[in-house]
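Here is how the chains run, residue by residue.
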Amino acid sequence: MKIKSLLFIIFVSMMLPLSTAFAAAHKDRSSLPIAIKANELAADNKGKTAIFSGKVVAKQGDITIYADRLIINYGDKKNDVEKIEANGNVRIVQESRIGTATHAVYESKLGRITLTGNPKIMQGADTMSGNIITYFIDEDRSEVSSGAGRPVEVVIHPTGKKGNAGTR
């Protein structure tokens, strides 16, 4: 049990740069406009949804979402977006960070992005993957869970320190 606790502490401390970097540039995006480009749009005002399909690119603030299909769920207030669901070849970019998955849910009011379906986050050479990756943008934290036979995997390339090369 002590080894698991130690591994968890190491994991959290090593993943902090990835999760905080993804969250560092957050501003209240829920009030920012969302610009969307796609091949097709099907809007349902009564159902409070808009479905974009074909080479979809959606941008809000510093977050850009690329996907095959994007579903926007509107809230009760005019132009209020509750959540954005992306499906198929999902790629989310924020500055130098890239998240990929087959499905993602972006809830800008909650400051949360959830990636599922072979999710992976990359920043430079560092990577993180698991069954589900959830970023809490406003809180500077992330959660990665295993499941469906897929463990949590992290690859971190520590920055080199001057004068330590070849000493062991």
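All values reported here derive from a predicted model rather than from experimental measurement. (Residues numbered from 1 in each chain as written. Predicted model: local features only at pLDDT ≥ 70, side-chain atom pairs only at ≥ 80, totals over all residues. Heavy atoms only, no water.)

Now for the overall build of the protein chain. A count of helices and strands for the protein chain gives one helix and twelve strands. Reading the protein chain from its N end, one meets helices and strands in the order α-β-β-β-β-β-β-β-β-β-β-β-β. Summarising the internal contacts of the protein chain: among those between residues at least 6 apart in sequence, 36% fall at separations of at least 24. Counting every atom, the protein chain has about 10,300 Å² of accessible surface; 55% of that belongs to carbon and sulfur. (Helix = DSSP H or I, 4+ residues; strand = E, 2+ residues; numbered from the N terminus. Contact = heavy atoms within 4.5 Å. Areas by Shrake-Rupley, 256 points an atom, 1.4 Å probe, with all protein chains shown as cover.)

Inspection of the entire model under this criterion finds zero aromatic pairs. Geometry around Tyr-66 places Arg-91 over its ring, the cationic atom sitting 4.0 Å from the centre. (Phe/Tyr/Trp six-rings, centres within 6.5 Å; stacked < 30°, edge-to-face > 60°. Lys NZ or Arg CZ within 6 Å of the ring centre and 35° of its normal.)

Here we come to the confidence of the model for the protein chain. Here the protein chain averages 81 in pLDDT, while 77% of its residues score no lower than 70. Element-level mean pLDDT values for the protein chain span from 44 in helix α1 (residues 2-24) up to 96 in strand β3 (residues 49-60). The low-confidence segment residues 1-26 (pLDDT under 50) makes 39 contacts with residues lying over four places distant or belonging to another chain. Within the model, the stretch residues 164-168 combines pLDDT values under 50 with zero contacts to residues more than four positions away or in other chains. (pLDDT = per-residue confidence, 0-100.)

Below, the discussion takes up the environment of Gly-75. Structurally, the position occupied by Gly-75 is in the loop between β4 (63-74) and β5 (81-94). The spacing of Gly-75 and Thr-49 is 26 residues in sequence and 9.3 Å in space, taken between C-alpha atoms. Sequence-distant contacts of Gly-75, defined by excluding residues within four places in its chain, comprise Lys-48, Asp-80, Val-81 and Glu-82.

Let us now look at the pattern of salt bridges. For the structure on display, the rule yields five salt bridges. We note a salt bridge from Glu-85 to Lys-83, for which the minimum N-O separation is 3.7 Å. On the basis of relative accessible area, Lys-83 is assigned to the partly exposed category, the value being 29%. One salt bridge in this structure joins Arg-97 and Glu-95, with 2.8 Å as the shortest N-O distance. (Salt bridge = Lys/Arg side-chain N within 4 Å of Asp/Glu carboxyl O. Buried < 20%, exposed > 50% of the residue type's maximum accessible area, 1.4 Å probe, protein only.)

Attention now goes to unusual backbone geometry. One non-glycine residue, Asn-89, lies in the positive phi region at around 50°. Checked against the element boundaries, Asn-89 lands in strand β5. On the basis of relative accessible area, Asn-89 is assigned to the exposed category, the value being 58%.

Another aspect to go through is the nonpolar core. The tendency in soluble globular proteins is for nonpolar side chains to be buried side by side. By size, the foremost hydrophobic cluster in this structure holds 25 residues, and its most contacted members are Ile-65, Leu-70, Ile-92 and Leu-115. Looking at this core, the elements with two or more residues in it are β3, β4, β5, β6 (97-107), β7 (112-116) and β10 (132-136). In contact with Ile-92, not counting residues within four places along its chain, are Ile-63, Thr-64, Ile-65, Arg-97, Ile-98, Gly-99, Ala-104, Ile-113 and Leu-115. (Core = buried A, V, L, I, M, F, W, Y, C linked by side-chain atoms within 4.5 Å.)

A word on the environment of Ala-42. Among the structural elements, Ala-42 can be located in strand β2 (residues 40-44). The sequence separation of Ala-42 and Ile-71 amounts to 29 residues, and the corresponding C-alpha distance is 9.6 Å. Setting aside residues up to four positions removed in sequence, Ala-42 forms contacts with Thr-49, Ala-50 and Ile-51.

With that out of the way, let us pick up the environment of Pro-158. Tracing the backbone shows Pro-158 in the segment after β12 (153-155). Residue classification places Pro-158 among the exposed residues on the basis of a relative accessible area of 66%. For the pair Pro-158 and Asp-126, spaced 32 residues apart in sequence, the C-alpha separation works out to 9.0 Å.

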